[in-house]
Amino acid sequence: MTELTTYKTTTPAEVSKWIATLPADEFPENGGLNVKVEDLQIAIFNFTRRNEWFATQNLCPHKQQMILSRGMIGSDGDEPKVACPFHKKTFSLKTGENLNGDECPIATYPVKVEGGTVYVGIA
Amino acid sequence: MKRIIVVGNGMVSHKFCLKLRTIAGSDTYEVVIYGEETWPAYDRVHLSEYFTEQSVDKLLMAPSDWYQDQNITLKTGQLIISIDPQQRTVLTHEGKTDHYDYLVLATGSRPFVPKIDGVEKRGVFVYRTIEDLDQIISYAKNIKRGAVLGGGLLGLEAAKALLDLNLDAQVIEFAPRLMPRQLDEAGSNTLKSEIESLGIEILLNKNTSKVAGTDQMAGLEFADGSQLDTEMLVISCGIISRDELAESAGLEKGARGGFKVNEYLQTNDPNIYAVGEAAAFNDMIYGLVAPGYDMAEIAANHITDQASKTFTGADMSTKLKLIGVEVGSFGDALGDTPGSIPISFEDKNSGIYKRINISSDKKHLLGGILVGDTSDYGMLLQITQNSMAIPPNPEDLILGTRGGQANGNTILDLPDTAQICSCENVSKGDLVDAIKSQNITDLKELRNCTGAGTGCGACSPMVGDIFSAQLKEMGQTVRKTLCPHFDYTRQELYSLIKVKGIKTYNELLDQYGEGDGCETCKPAVASLLASIWNDKILKQETIQDTNDRFLANIQKGGSYSVVPRVPGGEITPEKLIAIGTVAKKYDLYTKITGGQRIDMFGARLNDLPKIWRELIDAGFESGHAYGKSLRTVKSCVGSTWCRYGLHDSVSYAIEIEDRYKGIRSPHKLKGGVSGCRRECAEAQAKDFGLIATELGYNLYVCGNGGANPQHAKLLAGDIDEKTAIKYLDRFLMFYIQTAEPLNRTAVWLNKLDGGIDYLREVVVEDSLGIGEDLEKDMQALIAAYHCEWKEAINDEKMMKRFSHFANSDDYDPTQQFSSMREMKKPAGWESISK
Ligand SMILES: Cc1cc2nc3c(=O)[nH]c(=O)nc-3n(C[C@H](O)[C@H](O)[C@H](O)COP(=O)(O)OP(=O)(O)OC[C@H]3O[C@@H](n4cnc5c(N)ncnc54)[C@H](O)[C@@H]3O)c2cc1C
Ligand code: SF4
Ligand code: FES
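The structure reproduced in this document is the subject of the present report. In this text the structure is predicted, and so the values were computed from the model without any measurement.

1. With respect to the overall build of chain A
- Looking only at helices and strands, chain A has zero helices and twelve strands in total.
- The proportion of buried residues among the 123 residues of chain A is 60%.
- Once local pairs closer than 6 in sequence are excluded, the contacts in chain A between residues at least 24 apart make up 49%.
- With the model as given, the accessible surface of chain A reaches about 4,800 Å², and the carbon-plus-sulfur share is 46%.

Structure below.
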C-alpha cells in the first residue's frame, strides 16, 4: 500500500520539473481527474467557477483510499475544498488541511496551464 | 511540576482529564492514567449499541491519539493493586511503583452478583464491559433461550439485547414490580405489558435459588419450587463500588461501600480524590454518568485551586433508552415526601401511565413517573428542579389543558439557570447565549458548540425545542435550508427550478445561490434536476455523488459494484448464466441481495463499461442501485405457483418496477407485492407495498426496514390494480416534491402534519386538487426513462471517465484484494492518524 509519506506538499519555489499531463479541455468543468505523474497519483481539479486549477495527492488520508479526484469540489466560506467521496472528509485545495476533522493534511502541488496543456510541478 | 495519577480509565476518568486539561496545560500538571481494561475509555452508557455495531471505535470517548495530543500518559491493561499513602506511590500488578502528588480514584464499580448456588457455571454473565458483551455475543450464537436476572433499568436493556441476538428472552425480578426504585405498581404493570408485547417474558416475585446444570448452566430453579428452562443468564442486580484499594491506603468507606468523599471529592487523605461510581458521598453511590461528570469537574477544579462549586448530591432522574418503550422517572417518583399528593392517569388501551406527585401545599411538583409517553419528561423535570409554579389544576401537567387556557409553562418560561443537559452540564442560558452570540441557525451546530445532547441524549428533544423557540423569538423562522450556499429549502428549490425552467446547477447557483457550492447542495440539486426533468444524469457529472457519476456503487478499496435490474426478482436461466459468465470473466464477487437481485462486487473502474456492454447485450438494464431512486419491487411467487395466492403478484410487481424504474427521488425507494396476507414479500416493510385481498389489493405506504424499522401504513384498502397505480403515482410524486433531501418516506410521513390521514386526503380524496397534476408529472418522468448504462457505453466522450488514470490505461496499482470463501474481498481499511 502506498505510504502516505510518498506525498509531500511542493511549493512553487521547490518545483524542479513541470510534468505535462493532459489538454485542459479534457478536464470536466468544476471537477477533477487523477493523473499518473511518475510513481505518484495526483488529483488535478479544474475549478471553473473560480477560474483556478489545483492539484493534490489522490490518496485520502482517512482510510488510505486512492479516490480524491472523484470527489466533489466546492467552497467553505472562501476556502476552495474537495470532499472525499467515501466519508465526506473535506480538505482545503489551497493548503491541504482537513476542514471537518483532524485527519492529517493532504499534499498540494503547483499547477499551470500553458499552450492549452496542464502541467503539474514536482520537487 | 505536579504529577497526577488517575486510577481507572472509564467515562468519569476521561471527563476528569478533559476538564483538567481545559483548566491547566501539560506544563503544570503531568497526568498518568492506569486502566485495567485494554481499551481507552469508552461510552458505557451506549454499550448496548455494541450489539448492533460491534465497533469499539464508535464507542471510544476520544480517538486513541487524543491522550498523546493532550500529553497524557495512558497505560491500559494495568491494574493498580495497592497504594502507599506515606510514600505517595501506587503499585501495579506487574510490580512497578509510580509516584504521585495527587491520586484520583476513578475505579467505577462492578456488577453485584448475588450468592446463588451455581452462579459460577458457564453460561452466566454480567453486563458491564466490552469484554462481557463479546462473551455474551459469542455464547448466544449456539443457544436459543436466555434470561436476565434483575428487572431494573439495565436489566431491561440487557433483555432487549438478548432479544436482538435472536434469543427467547425472560426477565426475572425478585421484587413484585419492574424498576422497583423508579416505578410504582401501576407504572410497572403498564411497562410490563408493553415489554411483553415486544416478546420479552417477565417473571416477578421470583427468588432464584439455584443455577442448574453441571459445569454449563442448564436452567434456573426458584424458591417457590418453579423452574425456568433457559441456557444463559445475564446478571444485572445492581453495582458495588470498586473500593478494593481502600484497605492498603487506609481510606474510609461509605456505609454501602465506595471511597468516602467530602464535597470536594477528597477522601480522608487530602491528596487522594475519588470520583464517579467509586465515590460515596453522604453514603450515597451514584450509578449514573451525569453525577460522575459533575464530580470530575469539581475535583479537577479543586486540585488546580480553581474556585468551584461543591458537590451536594445529584438528581437520579432517568429515562429508559433503546428498548422501544418509553419510561421516565424523575424527582420523588414514588411520592415518599410526607404529605405529597399523587395525581395519576392511566390508559390501558394505549399503554400509557402518568403520575405526578405534588407538594402538600399544591404549589410545587415533587416528581413523577411516565410510562408509554415521555414527551413531557423534559418539561416536568425542569418544573421539579426549578421549583416552578404549577398551574391551578395540576392535572393539566399530564393531561394537557382541556378548555382553552394555556397552562403557562412553556420552554420560554424556564429560568436561564435550568440545567437542560445534565451529562454536559449545559443550562438553558448557555444554549440561548450560544444561539444569540454565535448566530447559530443549525441545531447540529448548537449541539457541537455547547455539547448539549451529546451524552445520553435524553435532553435532545428539549434542546431542539429551546432552539426553535429561541429562533422564533428572535423573529427567525426555522427553515431547513439546504446549506450555506442556498438559503432555500428543498421544496422551495423544487418550485424555483420547475417554474423558472432551470436546467443546470450552475444556473441555479448563479441566480439563487452564493459561493461555489459544496458536497451537500450539489447532489441535492442534481437529484432535484433529475426528479423534475429526468434528464441524463451523466451530463452534469461533477455535481453527482460518486455513485451517480460512475453509475455504480463505490466500495472499500475504490472498486465498484454492478447491479443489473431483475424486475420483481424474476430471472431466466439464460440471464443467470450471463451473470455468471460476466462475474467469472471479470473476477467479481457475487451475492444475492435482500431485494431479489444479484450484486457483483469488486469491478475495477476501467472494466465497468466492458462489463455493462456484456450485460446489456444479454438483455439487462441498469438497476439504479447507485442512485437515490427506485431499487426493487420485491414479490412473492403469487397465485401462479403458490397454493394460497390470490392474485399474480409477480406480474404486478414487474409492472410496477418497470413503471417507476430510473426515477430520482429524495432517497431510495423500495416496493413489495405479496400474493396474500401471509406477506412473503414483506411489503409492509417497504416504501410502498401491495398485499392481495379477495377483492383486490391493500396499498400500504411509508414503511421502512433498516436502522429505524417502521411498518407501512394502510393508505387504501381493497382497490383494483389500476386504482392502486393511480394512488401510487400521486403518492410518489407528492413525496418527491415535498420531502427534505435524504429523508426516506417513513421519516417524511413522520414529519408531515396530519400524518397518514392527511396523506390519504391528498392522495385518495384529492383534497388539494393536485391529483391530476401529480399524475401528469409522474407520467412525464416515466416517459423520459432511459437506461443510463446503455447511453453511457454508446457515448465515447463519457467512456473516457471510466479510467482510473486520465493519462494512462493502467489499473490502480494500490488496489488490493484478498480472498474469502473461494471469492475475493477488498483489503481492509487502513487508517492513518496524525
Ligand atoms: C450497559 C450500561 C448502560 C448504562 N446506561 C446508563 C444510562 O443510560 N445513563 C447513565 O447515567 N448511566 C448509565 N450507566 C452507568 C454509567 O455507565 C456509569 O455510571 C459510568 O460509566 C461510571 O463511570 P466511572 O468512570 O465511574 O466507572 P467505569 O466506567 O466503570 O470505569 C472504571 C474503570 O476503572 C477500571 N479499574 C477499576 N479498578 C481499577 C484498578 N485498581 N486499576 C486500574 N483500573 C481499574 C475499570 O476496569 C474500569 O475500566 C450504564 C452502565 C451500563 C453498564
Ligand atoms: S404471500 Fe401468500 S401468495 Fe405470496 S407466496 Fe406467501 S403465501 Fe403464497
Ligand atoms: S477515505 Fe476519504 S473520507 Fe474516509
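Following the structure, the description resumes.
2. What to know about the overall build of chain B
- Within chain B, the regular secondary structure consists of 27 helices and 39 strands.
- Burial analysis of chain B (834 residues in total) assigns 53% to the buried set.
- Residue pairs at least 24 apart in sequence account for 62% of intrachain contacts in chain B once pairs closer than 6 positions are excluded.
- Roughly 36,900 Å² of accessible area belongs to chain B as shown, and the carbon and sulfur atoms make up 47% of that amount.

3. Digging into the interface of chain B and chain A
- Each side of the interface is counted separately: chain B has 42 residues, and chain A has 43 residues.
- The interface formed by chain B and chain A contains seven salt bridges.
- Ionic pairing is found between R49 of chain A and D516 of chain B, a salt bridge with its closest N-O pair at 3.7 Å.
- Seen at the junction of chain B and chain A, the total is 22 residue pairs in polar contact (both at pLDDT 80 or more).
- Mapped onto the side of chain B that touches chain A, the elements with two or more residues apiece are α16 (505-512), α17 (521-533) and α18 (546-549) of chain B.
- It is α16 of chain B that provides the largest number of residues to the side of chain B that touches chain A, a total of three residues.
- For the side of chain B that touches chain A, a count of residues per class yields 13 nonpolar, 16 polar and 13 charged.

4. Topic: the site of ligand 2
- Inspection of the region around ligand 2 gives C636, G638, C642, Y644, G645, G675, C676, R678, E679 and C680 of chain B as its neighbouring residues.
- Among the residues making up the shell around ligand 2, the classes are represented as five nonpolar, three polar and two charged.

5. What to know about the sheet that holds strand β11 (residues 111-114) of chain A
Residue and element names in this part refer to chain A.
- Pairing is antiparallel across the open sheet formed by three strands, whose spatial order is β1-β12-β11. Two strands lie at the open edges of the sheet, namely β1 (17-23) and β11, each paired on one side alone. The average angle at which neighbouring strand axes cross in this sheet is 30 degrees, direction not considered.
- Pairing analysis gives four bridges linking β11 to strand β12 (residues 117-122), with the strands arranged antiparallel. The residue of β12 that forms the bridge with K112 is Y119.

6. Concerning the nonpolar core
Residue and element names in this part refer to chain B.
- In terms of nonpolar packing, the biggest core is built from 62 residues, with I656, Y660, F731 and L759 touching the most fellow members.
- Top element by residues in this core is helix α22 (residues 721-738). It accounts for ten residues.
- In this view, F731 contacts D687, F688, V701, C702, T745, W748, L759 and V763; residues no more than four positions away in its chain are not counted.
- Formed by 50 residues, the second largest nonpolar core is a distinct cluster that contains A24, A62, I298 and I303.

7. As for the packing of helix α12 (residues 428-437) of chain B against helix α14 (residues 460-473) of chain B
All names here are of chain B.
- Running from N to C, α12 and α14 point in directions that differ by 45 degrees, and their axes come no closer than 10 Å. Classified by the interaxial angle, the pair formed by α12 and α14 is oblique. Crossing hand, α12 versus α14: right-handed. In this structure, α12 contributes K428, L431, V432, I435 and K436 to the contact, and α14 contributes V463, I466, F467, Q470 and L471.
- Grouping the amino acids of the contact of α12 with α14 by side-chain chemistry returns seven nonpolar, one polar and two charged.

8. A look at helix α20 (residues 608-617) of chain B
Residue and element names in this part refer to chain B.
- Here α20 has its buried residues at L608, P609, I611, W612, L615 and I616. On an axial view of α20, the arc spanned by its buried residues comes to 160 degrees, and they lie on one face.
- Structurally, α20 contributes buried residues whose contacts are with β30 (560-562), α19 (573-585), β32 (598-603), α26 (788-793) and α27 (796-799).
- Trailing α20 by a residue or two, G619 shows a phi angle of about 100 degrees, which is positive.

9. Description of the packing of aromatic side chains
All names here are of chain B.
- Throughout the structure, instances matching the rule amount to 21 aromatic pairs over all chains.
- Summarising the aromatic geometry, the rings of Y102 and Y273 are spaced 6.5 Å apart at their centres and angled 65 degrees between planes, so their arrangement reads as edge-to-face. Placement of the pair is Y102 in strand β7 (residues 102-105) and Y273 in strand β19 (residues 272-274), with a sequence separation of 171 residues.
- By relative accessible area, which is 16% here, Y102 ends up buried.
- Aromatic side chains F330 and Y377 sit 6.2 Å apart centroid to centroid with 85 degrees between the ring planes, which places their arrangement in the edge-to-face category.

10. Structural notes on α19 of chain B
Residues and elements named next belong to chain B.
- Between the first and last C-alpha of α19 there are 18 Å, a value that for 13 residues agrees with the 18 Å anticipated at 1.5 Å per step.
- For α19, every residue scored as buried is listed here: A578, I579, V582 and A583. Looking straight down α19, one finds that the buried residues subtend no more than 125 degrees of arc, so they occupy a single side. What points out from α19, more than 90 degrees from its buried face, is the exposed set P573, E574, I577, K584 and K585.

11. Focus: the pattern of salt bridges
- Using the criterion set out here, one finds 46 salt bridges over all chains in the structure.
- Among the salt bridges present, the one from E52 of chain A reaches R50 of chain A, with a minimum N-O distance of 2.8 Å.
- Judged by relative accessible area, which is 26%, E52 of chain A ranks as partly exposed.
- Under the relative-accessibility criterion, R50 of chain A is labelled buried at 18%.
- For the salt bridge of K206 of chain B with D224 of chain B, the shortest nitrogen-to-oxygen distance reads 2.9 Å. Placement of K206 of chain B in the loop between β12 (200-203) and β13 (208-213) and of D224 of chain B in the loop between β14 (217-222) and β15 (227-228) is noted, with a sequence separation of 18 residues between them.
- Take K206 of chain B: its relative accessible area is 16%, and that puts it in the buried class.

12. Concerning the packing of α22 of chain B against helix α24 (residues 755-763) of chain B
All names here are of chain B.
- Where α22 meets α24, the axes come as close as 10 Å, and the angle between the chain directions of the two elements is 120 degrees. Judged by the inter-axis angle, α22 sits oblique to α24. As α22 runs across α24, the sense of the crossing is right-handed. Between α22, through Y727, R730, F731 and F734, and α24, the contact on the second element is made entirely by Y758, L759, V762 and V763.

13. Let's talk about the sheet that holds strand β5 (residues 89-92) of chain B
Residue and element names in this part refer to chain B.
- Taken in spatial order, the three strands of this open sheet run β4-β5-β6, and their pairing is antiparallel. Bordering the open sheet on either side are β4 (80-84) and β6 (97-99), each of which pairs with just one other strand. Strand after strand, the sheet turns through a mean of 25 degrees between neighbouring axes, direction not considered.
- Judged from the four bridges that link them, β4 and β5 form a sheet pairing that is antiparallel. Of the residues in β5, the one forming a bridge with S82 is L91.

14. Thoughts on unusual backbone geometry
Residues and elements named next belong to chain B.
- The backbone phi angle of N71 is positive, close to 60 degrees, even though this residue is not glycine.
- Topologically, N71 is positioned in the loop between α4 (65-69) and β3 (72-76).
- Even without being a glycine, E682 presents a positive backbone phi close to 55 degrees.
- Structurally, E682 is set in the loop between β34 (669-674) and β35 (688-693).
- Looking at E682, the relative accessible area reads 43%, which means it is partly exposed.

15. With respect to the pairing of β35 of chain B
All names here are of chain B.
- Burial within β35 is extensive, with six of its six residues counted as buried.
- Here β35 shows a buried face lined by F688, L690 and A692 and a second buried face lined by G689, I691 and T693.
- Where β34 meets β35, four bridges bridge the pair, whose relative direction is parallel. Paired with S674 across the two strands is I691, which belongs to β35.

The rules behind these values
Residues numbered from 1 in each chain as written. Chains lettered and ligands numbered in written order. Predicted model: local features only at pLDDT ≥ 70, side-chain atom pairs only at ≥ 80, totals over all residues. Heavy atoms only, no water. Helix = DSSP H or I, 4+ residues; strand = E, 2+ residues; numbered from the N terminus. Buried < 20%, exposed > 50% of the residue type's maximum accessible area, 1.4 Å probe, protein only. Contact = heavy atoms within 4.5 Å. Areas by Shrake-Rupley, 256 points an atom, 1.4 Å probe, with all protein chains shown as cover. Salt bridge = Lys/Arg side-chain N within 4 Å of Asp/Glu carboxyl O. Polar contact = N/O pair within 3.5 Å; in protein donor to acceptor, adjacent residues only side chain to side chain. Nonpolar A, V, L, I, M, F, W, Y, C, P; charged D, E, K, R; others polar. Near = heavy atom within 4 Å. Pairing = 2+ DSSP bridges. Axes fitted to C-alpha atoms, helices over the stretch in contact; angles between N-to-C directions. Core = buried A, V, L, I, M, F, W, Y, C linked by side-chain atoms within 4.5 Å. Parallel < 35°, antiparallel > 145°, perpendicular 65-115°, else oblique. Left-handed = near helix turned anticlockwise from the far one by under 90°. Arc of directions from axis to C-beta. Phe/Tyr/Trp six-rings, centres within 6.5 Å; stacked < 30°, edge-to-face > 60°. Expected span 1.5 Å × (residues − 1).

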